[in-house]
Amino acid sequence: MIAVKQAKNLILKNTKTPAPVKFHLAKCLGLVLAENITAKENIPFSDNSAVDGYAVKFSDTKNASVENPAKLSLLEILPAGKVAQNELQNGKTIKIMTGAPIPKGANSVVMVEQTKKNDNQILVFKEVKEQQNIRKAGEDISIGTQVLSEGKILTSADLGVLASVGKLFPLVFPKPRVAILVTGDEIIAPNEPLTEGKVRNSNEFTLCGQVTEFGGIPFSHGIGKDSKEELKKQVLNALENADILVTSGGVSMGDFDFVQQVFPEIGAEIIFHKVNVKPGKPVLFCTFGKKLIFGLPGNPVSSMVAFLQFVVPAMKKMAGFSDFSLPKTKAIFKGNFSKQDDKTHFLRGILQKEGENFTVSLTGTQSSGVLRSMSLANCLLEVSEEKMEIKDGEEIFVEMF
Ligand code: AMP
Ligand code: MG
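Residues numbered from 1 in each chain as written. Chains lettered and ligands numbered in written order. Predicted model: local features only at pLDDT ≥ 70, side-chain atom pairs only at ≥ 80, totals over all residues. Heavy atoms only, no water.

With that settled, the discussion passes to the overall build of the chain. Broken down by element type, the chain carries seven helices and 28 strands. Here the chain has a C-alpha radius of gyration of 31 Å; the compact-globule value for 401 residues is 21 Å, and the former is much larger. Along the longest, intermediate and shortest principal axes, the C-alpha atoms of the chain span 95 × 50 × 45 Å. Across the 401 residues in the chain, those meeting the buried criterion constitute 43%. (Helix = DSSP H or I, 4+ residues; strand = E, 2+ residues; numbered from the N terminus. Rg over C-alpha atoms; globule rule 2.2 N^0.38 Å. Buried < 20%, exposed > 50% of the residue type's maximum accessible area, 1.4 Å probe, protein only.)

Rendered as C-alpha coordinates:
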(Lines give C-alpha, C1' and ligand atoms only; values in the text may rest on other atoms or scores of the structure.)
(Ligands and ions follow the chains in the order given, each with its own letter.)
Protein backbone atom coordinates (compact mmCIF):
# COMPACT_ATOMS: atom_id res chain seq x y z
CA MET A 1 0.00 0.00 0.00
CA ILE A 2 1.46 3.35 -0.99
CA ALA A 3 1.45 6.60 1.01
CA VAL A 4 -0.73 9.59 0.16
CA LYS A 5 2.25 11.64 -1.02
CA GLN A 6 3.44 8.85 -3.31
CA ALA A 7 -0.09 8.47 -4.73
CA LYS A 8 -0.30 12.19 -5.47
CA ASN A 9 3.12 12.13 -7.15
CA LEU A 10 2.06 9.21 -9.35
CA ILE A 11 -1.14 11.01 -10.30
CA LEU A 12 0.67 14.22 -11.26
CA LYS A 13 3.36 12.29 -13.13
CA ASN A 14 0.69 10.60 -15.25
CA THR A 15 -1.39 13.73 -15.86
CA LYS A 16 -0.68 15.69 -19.02
CA THR A 17 -1.80 19.25 -19.59
CA PRO A 18 -3.43 19.34 -23.03
CA ALA A 19 -2.56 21.98 -25.65
CA PRO A 20 -4.32 25.29 -25.02
CA VAL A 21 -7.16 26.43 -27.25
CA LYS A 22 -8.73 29.72 -28.26
CA PHE A 23 -12.00 30.30 -26.44
CA HIS A 24 -14.56 33.06 -26.72
CA LEU A 25 -14.10 35.48 -23.80
CA ALA A 26 -17.58 34.75 -22.48
CA LYS A 27 -16.43 31.20 -21.69
CA CYS A 28 -13.11 32.07 -20.06
CA LEU A 29 -14.00 32.89 -16.45
CA GLY A 30 -11.83 30.83 -14.09
CA LEU A 31 -9.71 29.38 -16.89
CA VAL A 32 -5.92 29.63 -16.96
CA LEU A 33 -4.49 31.96 -19.59
CA ALA A 34 -1.90 30.33 -21.86
CA GLU A 35 -0.34 33.44 -23.44
CA ASN A 36 1.06 36.83 -22.43
CA ILE A 37 -1.20 39.70 -23.41
CA THR A 38 0.36 42.99 -24.50
CA ALA A 39 -1.65 46.12 -25.31
CA LYS A 40 -1.28 47.26 -28.93
CA GLU A 41 -3.05 50.58 -28.34
CA ASN A 42 -3.49 53.14 -25.62
CA ILE A 43 -6.63 52.59 -23.55
CA PRO A 44 -8.35 55.02 -23.60
CA PHE A 45 -7.32 55.68 -27.19
CA SER A 46 -7.13 59.48 -26.76
CA ASP A 47 -7.62 62.17 -24.09
CA ASN A 48 -11.34 62.33 -23.31
CA SER A 49 -13.77 63.98 -20.99
CA ALA A 50 -14.34 62.49 -17.53
CA VAL A 51 -17.58 64.42 -17.11
CA ASP A 52 -20.53 65.87 -18.98
CA GLY A 53 -19.60 69.53 -19.39
CA TYR A 54 -17.91 72.13 -21.56
CA ALA A 55 -14.48 71.84 -23.16
CA VAL A 56 -12.60 75.11 -22.67
CA LYS A 57 -9.24 76.79 -22.68
CA PHE A 58 -8.61 76.87 -18.93
CA SER A 59 -7.26 80.43 -19.14
CA ASP A 60 -10.75 81.56 -20.29
CA THR A 61 -12.19 80.63 -16.87
CA LYS A 62 -9.67 82.63 -14.82
CA ASN A 63 -11.37 84.23 -11.76
CA ALA A 64 -14.80 82.99 -12.87
CA SER A 65 -17.40 82.95 -10.07
CA VAL A 66 -21.17 83.00 -9.61
CA GLU A 67 -21.05 86.79 -9.34
CA ASN A 68 -18.66 87.19 -12.22
CA PRO A 69 -19.09 84.25 -14.64
CA ALA A 70 -16.88 83.72 -17.67
CA LYS A 71 -18.95 84.05 -20.86
CA LEU A 72 -18.12 81.69 -23.71
CA SER A 73 -19.88 81.16 -27.01
CA LEU A 74 -20.97 77.64 -27.96
CA LEU A 75 -19.40 76.14 -31.10
CA GLU A 76 -20.97 72.68 -31.20
CA ILE A 77 -22.32 69.80 -29.10
CA LEU A 78 -20.11 66.73 -28.98
CA PRO A 79 -21.66 63.34 -28.10
CA ALA A 80 -19.55 60.34 -26.97
CA GLY A 81 -18.28 58.43 -30.00
CA LYS A 82 -17.91 61.53 -32.21
CA VAL A 83 -14.94 63.79 -32.94
CA ALA A 84 -15.31 67.60 -32.73
CA GLN A 85 -15.57 69.41 -36.08
CA ASN A 86 -14.12 72.67 -34.76
CA GLU A 87 -10.85 73.61 -33.21
CA LEU A 88 -11.42 75.56 -30.01
CA GLN A 89 -10.50 79.26 -30.05
CA ASN A 90 -10.24 81.70 -27.14
CA GLY A 91 -13.65 82.76 -25.85
CA LYS A 92 -15.36 79.65 -27.28
CA THR A 93 -16.55 76.36 -25.85
CA ILE A 94 -17.75 72.97 -27.10
CA LYS A 95 -20.35 71.07 -25.09
CA ILE A 96 -18.88 67.62 -24.44
CA MET A 97 -20.30 64.33 -23.08
CA THR A 98 -18.43 61.90 -20.84
CA GLY A 99 -16.01 59.81 -22.90
CA ALA A 100 -15.96 62.09 -25.96
CA PRO A 101 -12.45 62.99 -27.22
CA ILE A 102 -11.14 66.39 -26.11
CA PRO A 103 -11.41 68.79 -29.07
CA LYS A 104 -8.25 70.35 -30.53
CA GLY A 105 -7.40 73.57 -28.73
CA ALA A 106 -9.20 72.62 -25.49
CA ASN A 107 -7.18 71.84 -22.37
CA SER A 108 -9.83 71.51 -19.66
CA VAL A 109 -13.49 70.61 -19.09
CA VAL A 110 -15.95 72.47 -16.87
CA MET A 111 -18.65 70.30 -15.31
CA VAL A 112 -22.12 71.06 -16.61
CA GLU A 113 -23.22 71.62 -12.98
CA GLN A 114 -20.95 74.69 -12.83
CA THR A 115 -22.42 76.35 -15.90
CA LYS A 116 -25.60 77.86 -17.21
CA LYS A 117 -26.81 78.19 -20.79
CA ASN A 118 -28.03 81.62 -21.88
CA ASP A 119 -29.13 81.35 -25.55
CA ASN A 120 -25.87 80.61 -27.35
CA GLN A 121 -23.78 81.89 -24.48
CA ILE A 122 -22.44 79.64 -21.75
CA LEU A 123 -21.87 81.12 -18.31
CA VAL A 124 -19.07 79.42 -16.36
CA PHE A 125 -19.23 79.93 -12.59
CA LYS A 126 -15.97 78.34 -11.54
CA GLU A 127 -12.36 78.50 -12.56
CA VAL A 128 -10.84 75.21 -13.82
CA LYS A 129 -7.20 74.18 -13.77
CA GLU A 130 -5.32 72.96 -16.80
CA GLN A 131 -6.27 69.34 -17.70
CA GLN A 132 -9.11 69.27 -15.17
CA ASN A 133 -11.74 66.56 -15.82
CA ILE A 134 -9.66 65.05 -18.63
CA ARG A 135 -8.84 61.36 -18.73
CA LYS A 136 -5.49 60.96 -20.42
CA ALA A 137 -4.83 58.61 -23.34
CA GLY A 138 -3.32 55.37 -21.99
CA GLU A 139 -4.37 56.20 -18.43
CA ASP A 140 -5.88 52.72 -18.00
CA ILE A 141 -3.42 50.78 -20.20
CA SER A 142 -0.55 52.37 -22.09
CA ILE A 143 0.57 50.93 -25.40
CA GLY A 144 3.10 48.10 -25.04
CA THR A 145 2.13 47.20 -21.46
CA GLN A 146 1.91 43.47 -20.67
CA VAL A 147 -1.50 43.47 -19.03
CA LEU A 148 -1.85 39.75 -18.26
CA SER A 149 0.69 36.95 -18.05
CA GLU A 150 0.56 33.31 -18.99
CA GLY A 151 -0.71 31.28 -16.03
CA LYS A 152 -3.16 33.91 -14.78
CA ILE A 153 -6.44 32.47 -13.54
CA LEU A 154 -8.94 34.69 -15.30
CA THR A 155 -11.25 36.77 -13.09
CA SER A 156 -14.21 38.87 -14.19
CA ALA A 157 -11.96 41.95 -14.22
CA ASP A 158 -9.43 40.11 -16.40
CA LEU A 159 -12.19 39.35 -18.92
CA GLY A 160 -12.85 43.09 -19.04
CA VAL A 161 -9.15 43.85 -19.55
CA LEU A 162 -8.97 41.28 -22.38
CA ALA A 163 -12.04 42.85 -23.98
CA SER A 164 -10.50 46.34 -23.62
CA VAL A 165 -7.36 45.32 -25.49
CA GLY A 166 -9.41 43.63 -28.22
CA LYS A 167 -8.69 40.01 -27.32
CA LEU A 168 -12.00 38.24 -27.95
CA PHE A 169 -10.45 34.77 -28.29
CA PRO A 170 -7.60 34.38 -25.77
CA LEU A 171 -5.53 31.21 -25.63
CA VAL A 172 -6.59 29.25 -22.53
CA PHE A 173 -6.54 25.74 -21.10
CA PRO A 174 -9.98 24.16 -21.44
CA LYS A 175 -11.90 22.78 -18.48
CA PRO A 176 -11.38 19.04 -18.05
CA ARG A 177 -14.40 16.95 -18.99
CA VAL A 178 -15.10 14.56 -16.14
CA ALA A 179 -17.41 11.58 -16.55
CA ILE A 180 -19.08 10.28 -13.38
CA LEU A 181 -20.28 6.70 -13.10
CA VAL A 182 -21.53 5.54 -9.72
CA THR A 183 -21.97 1.80 -9.26
CA GLY A 184 -23.91 -0.58 -7.06
CA ASP A 185 -27.01 -2.73 -7.49
CA GLU A 186 -28.37 -1.36 -4.20
CA ILE A 187 -28.26 2.24 -5.43
CA ILE A 188 -31.61 3.85 -6.25
CA ALA A 189 -32.58 7.28 -7.54
CA PRO A 190 -33.25 10.01 -4.94
CA ASN A 191 -36.96 10.07 -5.80
CA GLU A 192 -37.46 6.32 -5.25
CA PRO A 193 -38.96 5.05 -1.97
CA LEU A 194 -36.28 3.84 0.43
CA THR A 195 -36.70 0.17 1.29
CA GLU A 196 -34.55 -2.32 3.14
CA GLY A 197 -31.18 -2.87 1.48
CA LYS A 198 -31.46 0.09 -0.84
CA VAL A 199 -29.36 3.25 -0.72
CA ARG A 200 -30.25 6.52 -2.40
CA ASN A 201 -27.67 7.71 -4.88
CA SER A 202 -25.90 10.63 -3.29
CA ASN A 203 -22.45 10.17 -4.82
CA GLU A 204 -23.57 11.17 -8.31
CA PHE A 205 -24.60 14.56 -6.96
CA THR A 206 -21.68 15.16 -4.63
CA LEU A 207 -19.17 14.18 -7.32
CA CYS A 208 -20.79 16.23 -10.10
CA GLY A 209 -20.87 19.14 -7.66
CA GLN A 210 -17.20 18.72 -6.83
CA VAL A 211 -16.25 18.53 -10.52
CA THR A 212 -17.99 21.85 -11.16
CA GLU A 213 -16.59 23.40 -7.97
CA PHE A 214 -13.04 22.61 -9.03
CA GLY A 215 -13.34 23.88 -12.56
CA GLY A 216 -14.35 20.80 -14.56
CA ILE A 217 -17.37 19.92 -16.68
CA PRO A 218 -19.26 16.95 -15.23
CA PHE A 219 -21.01 14.36 -17.38
CA SER A 220 -23.12 11.99 -15.36
CA HIS A 221 -23.64 8.47 -16.65
CA GLY A 222 -26.22 7.24 -14.18
CA ILE A 223 -25.92 4.12 -12.04
CA GLY A 224 -23.60 1.32 -13.14
CA LYS A 225 -24.36 -2.34 -12.48
CA ASP A 226 -22.47 -4.79 -10.26
CA SER A 227 -21.91 -7.04 -13.29
CA LYS A 228 -18.66 -7.19 -15.19
CA GLU A 229 -20.05 -7.21 -18.72
CA GLU A 230 -22.55 -4.41 -18.07
CA LEU A 231 -19.93 -2.31 -16.31
CA LYS A 232 -17.44 -2.73 -19.14
CA LYS A 233 -19.92 -1.25 -21.61
CA GLN A 234 -20.82 1.59 -19.26
CA VAL A 235 -17.18 2.41 -18.51
CA LEU A 236 -16.21 2.48 -22.20
CA ASN A 237 -19.20 4.63 -23.00
CA ALA A 238 -18.41 7.05 -20.16
CA LEU A 239 -14.77 7.33 -21.26
CA GLU A 240 -15.68 8.28 -24.83
CA ASN A 241 -15.96 12.04 -24.47
CA ALA A 242 -14.11 12.51 -21.19
CA ASP A 243 -10.61 13.46 -20.08
CA ILE A 244 -11.18 11.85 -16.69
CA LEU A 245 -13.53 9.08 -15.57
CA VAL A 246 -14.48 9.00 -11.89
CA THR A 247 -16.36 5.94 -10.65
CA SER A 248 -17.67 5.30 -7.17
CA GLY A 249 -18.07 1.93 -5.49
CA GLY A 250 -16.93 -1.56 -6.39
CA VAL A 251 -13.19 -1.18 -5.70
CA SER A 252 -13.04 -3.01 -2.35
CA MET A 253 -12.90 -6.67 -1.40
CA GLY A 254 -16.61 -7.52 -1.87
CA ASP A 255 -17.73 -10.44 -4.05
CA PHE A 256 -19.47 -7.98 -6.38
CA ASP A 257 -16.74 -5.33 -6.53
CA PHE A 258 -16.04 -5.63 -10.26
CA VAL A 259 -14.79 -2.17 -11.05
CA GLN A 260 -11.11 -3.01 -10.51
CA GLN A 261 -11.46 -6.05 -12.78
CA VAL A 262 -13.05 -4.08 -15.57
CA PHE A 263 -10.30 -1.49 -15.99
CA PRO A 264 -7.46 -3.85 -17.04
CA GLU A 265 -9.88 -5.71 -19.31
CA ILE A 266 -10.61 -2.56 -21.34
CA GLY A 267 -6.87 -1.91 -21.67
CA ALA A 268 -6.41 0.62 -18.85
CA GLU A 269 -3.16 0.50 -16.93
CA ILE A 270 -3.52 0.34 -13.14
CA ILE A 271 -1.00 2.76 -11.62
CA PHE A 272 -2.03 2.07 -8.04
CA HIS A 273 -4.80 0.42 -6.07
CA LYS A 274 -5.12 1.18 -2.34
CA VAL A 275 -3.51 4.03 -0.50
CA ASN A 276 -2.57 4.12 3.18
CA VAL A 277 -5.30 6.64 3.92
CA LYS A 278 -8.52 6.92 5.89
CA PRO A 279 -11.10 7.44 4.52
CA GLY A 280 -10.58 6.31 0.93
CA LYS A 281 -8.19 3.35 1.25
CA PRO A 282 -9.38 1.29 -1.77
CA VAL A 283 -8.91 4.18 -4.22
CA LEU A 284 -7.77 3.04 -7.65
CA PHE A 285 -5.93 5.07 -10.27
CA CYS A 286 -5.45 4.07 -13.93
CA THR A 287 -4.38 5.64 -17.16
CA PHE A 288 -6.24 4.92 -20.40
CA GLY A 289 -4.12 6.50 -23.14
CA LYS A 290 -4.07 10.17 -22.20
CA LYS A 291 -7.22 9.77 -20.14
CA LEU A 292 -7.27 9.18 -16.39
CA ILE A 293 -9.52 6.89 -14.39
CA PHE A 294 -10.18 7.21 -10.68
CA GLY A 295 -12.04 4.36 -9.00
CA LEU A 296 -13.24 5.93 -5.76
CA PRO A 297 -14.76 3.92 -2.91
CA GLY A 298 -18.55 3.99 -2.58
CA ASN A 299 -18.85 5.33 0.94
CA PRO A 300 -20.12 8.89 0.50
CA VAL A 301 -17.42 10.52 2.65
CA SER A 302 -14.65 8.35 1.23
CA SER A 303 -15.55 9.28 -2.32
CA MET A 304 -15.67 13.00 -1.51
CA VAL A 305 -12.41 13.03 0.45
CA ALA A 306 -10.65 10.90 -2.17
CA PHE A 307 -11.94 13.28 -4.81
CA LEU A 308 -10.46 16.28 -2.97
CA GLN A 309 -7.11 14.57 -2.39
CA PHE A 310 -6.58 12.72 -5.65
CA VAL A 311 -8.90 13.94 -8.42
CA VAL A 312 -8.59 17.68 -7.74
CA PRO A 313 -4.78 17.81 -8.32
CA ALA A 314 -5.21 15.97 -11.65
CA MET A 315 -8.02 18.29 -12.74
CA LYS A 316 -5.97 21.35 -11.80
CA LYS A 317 -2.91 20.12 -13.68
CA MET A 318 -5.03 19.38 -16.77
CA ALA A 319 -6.55 22.86 -16.53
CA GLY A 320 -3.09 24.47 -16.60
CA PHE A 321 -2.87 25.49 -12.93
CA SER A 322 0.59 25.60 -11.35
CA ASP A 323 -0.65 25.02 -7.79
CA PHE A 324 -2.51 21.73 -7.50
CA SER A 325 -3.36 21.73 -3.81
CA LEU A 326 -6.26 23.07 -1.79
CA PRO A 327 -5.68 26.38 0.00
CA LYS A 328 -4.16 25.88 3.46
CA THR A 329 -4.31 27.91 6.64
CA LYS A 330 -3.14 27.53 10.25
CA ALA A 331 -5.69 27.03 13.01
CA ILE A 332 -5.80 26.12 16.69
CA PHE A 333 -7.30 22.69 17.28
CA LYS A 334 -10.15 22.51 19.77
CA GLY A 335 -10.90 19.05 21.11
CA ASN A 336 -8.94 15.82 21.24
CA PHE A 337 -8.15 13.28 18.59
CA SER A 338 -6.11 10.09 18.61
CA LYS A 339 -5.73 7.23 16.17
CA GLN A 340 -4.61 3.62 16.44
CA ASP A 341 -3.21 3.01 12.94
CA ASP A 342 -0.40 4.34 10.76
CA LYS A 343 -2.71 5.65 8.02
CA THR A 344 -2.90 9.28 6.95
CA HIS A 345 -6.27 10.47 8.22
CA PHE A 346 -8.32 13.25 6.72
CA LEU A 347 -10.68 14.54 9.39
CA ARG A 348 -13.66 16.74 8.66
CA GLY A 349 -13.31 20.05 10.43
CA ILE A 350 -15.14 23.29 11.04
CA LEU A 351 -12.82 26.24 10.70
CA GLN A 352 -14.00 29.45 12.29
CA LYS A 353 -12.70 32.81 13.40
CA GLU A 354 -12.64 33.34 17.16
CA GLY A 355 -11.34 36.76 18.06
CA GLU A 356 -7.95 37.14 16.42
CA ASN A 357 -7.46 33.42 15.76
CA PHE A 358 -8.82 30.70 13.56
CA THR A 359 -9.89 27.61 15.45
CA VAL A 360 -10.86 24.23 14.10
CA SER A 361 -13.00 21.53 15.67
CA LEU A 362 -14.21 18.19 14.35
CA THR A 363 -17.67 17.70 12.89
CA GLY A 364 -18.45 14.79 15.23
CA THR A 365 -18.30 11.14 14.23
CA GLN A 366 -15.70 10.54 11.54
CA SER A 367 -17.30 7.40 10.11
CA SER A 368 -17.00 7.31 6.32
CA GLY A 369 -20.72 6.66 5.96
CA VAL A 370 -21.73 9.91 7.68
CA LEU A 371 -22.18 12.29 4.77
CA ARG A 372 -23.55 14.96 7.10
CA SER A 373 -20.01 15.35 8.45
CA MET A 374 -18.96 16.64 5.01
CA SER A 375 -21.97 18.88 4.84
CA LEU A 376 -21.04 20.47 8.19
CA ALA A 377 -17.34 20.71 7.34
CA ASN A 378 -15.45 23.47 5.57
CA CYS A 379 -11.97 22.00 5.85
CA LEU A 380 -9.94 18.82 6.16
CA LEU A 381 -7.33 18.14 8.83
CA GLU A 382 -4.52 15.97 7.55
CA VAL A 383 -3.09 13.71 10.27
CA SER A 384 0.11 12.21 8.88
CA GLU A 385 1.02 8.51 9.10
CA GLU A 386 3.35 8.99 12.05
CA LYS A 387 1.22 11.49 13.98
CA MET A 388 -0.94 9.62 16.51
CA GLU A 389 -2.87 12.42 18.17
CA ILE A 390 -3.85 16.07 18.04
CA LYS A 391 -3.93 17.81 21.39
CA ASP A 392 -6.31 20.53 22.44
CA GLY A 393 -4.74 23.94 21.67
CA GLU A 394 -2.24 22.53 19.14
CA GLU A 395 -1.62 24.68 16.07
CA ILE A 396 -2.24 22.72 12.87
CA PHE A 397 -2.65 23.27 9.14
CA VAL A 398 -6.05 22.72 7.58
CA GLU A 399 -7.02 22.43 3.93
CA MET A 400 -10.04 24.55 3.06
CA PHE A 401 -12.67 23.57 0.54
P1 AMP B 1 -18.76 -0.09 -2.17
O2 AMP B 1 -17.54 0.75 -2.24
O3 AMP B 1 -19.37 -0.38 -3.49
O4 AMP B 1 -18.52 -1.31 -1.36
O5 AMP B 1 -19.80 0.78 -1.36
C6 AMP B 1 -19.55 1.16 -0.02
C7 AMP B 1 -20.76 1.78 0.60
O8 AMP B 1 -21.08 2.99 -0.07
C9 AMP B 1 -22.02 0.92 0.52
O10 AMP B 1 -22.70 1.02 1.75
C11 AMP B 1 -22.80 1.57 -0.59
O12 AMP B 1 -24.17 1.34 -0.45
C13 AMP B 1 -22.45 3.00 -0.45
N14 AMP B 1 -22.58 3.65 -1.75
C15 AMP B 1 -22.04 3.22 -2.91
N16 AMP B 1 -22.39 3.99 -3.95
C17 AMP B 1 -23.16 4.99 -3.43
C18 AMP B 1 -23.85 6.08 -3.99
N19 AMP B 1 -23.79 6.32 -5.30
N20 AMP B 1 -24.53 6.89 -3.17
C21 AMP B 1 -24.59 6.63 -1.85
N22 AMP B 1 -23.98 5.59 -1.26
C23 AMP B 1 -23.28 4.75 -2.03
MG1 MG C 1 -20.76 -1.53 -4.30
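Next, the rest of the story.
The next point concerns the site of ligand 1. Around ligand 1, the surrounding shell holds 14 residues, and the nearest of these are Glu186, Asn201, Ser202, Gly250 and Gly298. Contact distances for ligand 1 include 2.6 Å between an oxygen atom and a side-chain N or O atom of Glu186. Here an oxygen atom of ligand 1 and a backbone polar atom of Asn299 are 3.1 Å apart. Relative to its unbound accessible surface of 490 Å², ligand 1 loses 79% to contact with the protein. (Near = heavy atom within 4 Å. Polar contact = N/O pair within 3.5 Å; in protein donor to acceptor, adjacent residues only side chain to side chain. Areas by Shrake-Rupley, 256 points an atom, 1.4 Å probe, with all protein chains shown as cover.)

When you line up the elements, Ser248 lands in strand 17 (residues 244-248). Relative accessible area serves as the criterion here: at 2%, Ser248 is assigned to the buried category.

Okay, the side chain of Lys343 next. By the secondary structure assignment, Lys343 is in the loop between strand 23 (337-338) and strand 24 (344-354). Buried and without a salt bridge, Lys343 has Asp341 as its closest oppositely charged side chain, separated by 4.5 Å. Setting aside chain neighbours within four positions, we find Lys343 in contact with Asn276, Val277, Lys278, Lys281, Val383, Ser384 and Glu385. (Lys, Arg positive; Asp, Glu negative; His and termini not counted. Salt bridge = Lys/Arg side-chain N within 4 Å of Asp/Glu carboxyl O. Contact = heavy atoms within 4.5 Å.)

Pairing is mixed in the open sheet, where six strands are placed in the order 7-4-6-5-9-8. The open sheet has two edge strands, strand 7 (108-111) and strand 8 (115-118), and neither has a second partner. Across the sheet, the mean angle separating the axes of adjacent strands is 40° when strand polarity is ignored. Two strands pair when backbone bridges link them, and strand 5 (residues 70-78) and strand 6 (residues 92-96) are joined in this way by five bridges, in the parallel orientation. Counted as the bridge partner of Ser73 is Lys92 from strand 6. (Pairing = 2+ DSSP bridges. Axes fitted to C-alpha atoms, helices over the stretch in contact; angles between N-to-C directions.)

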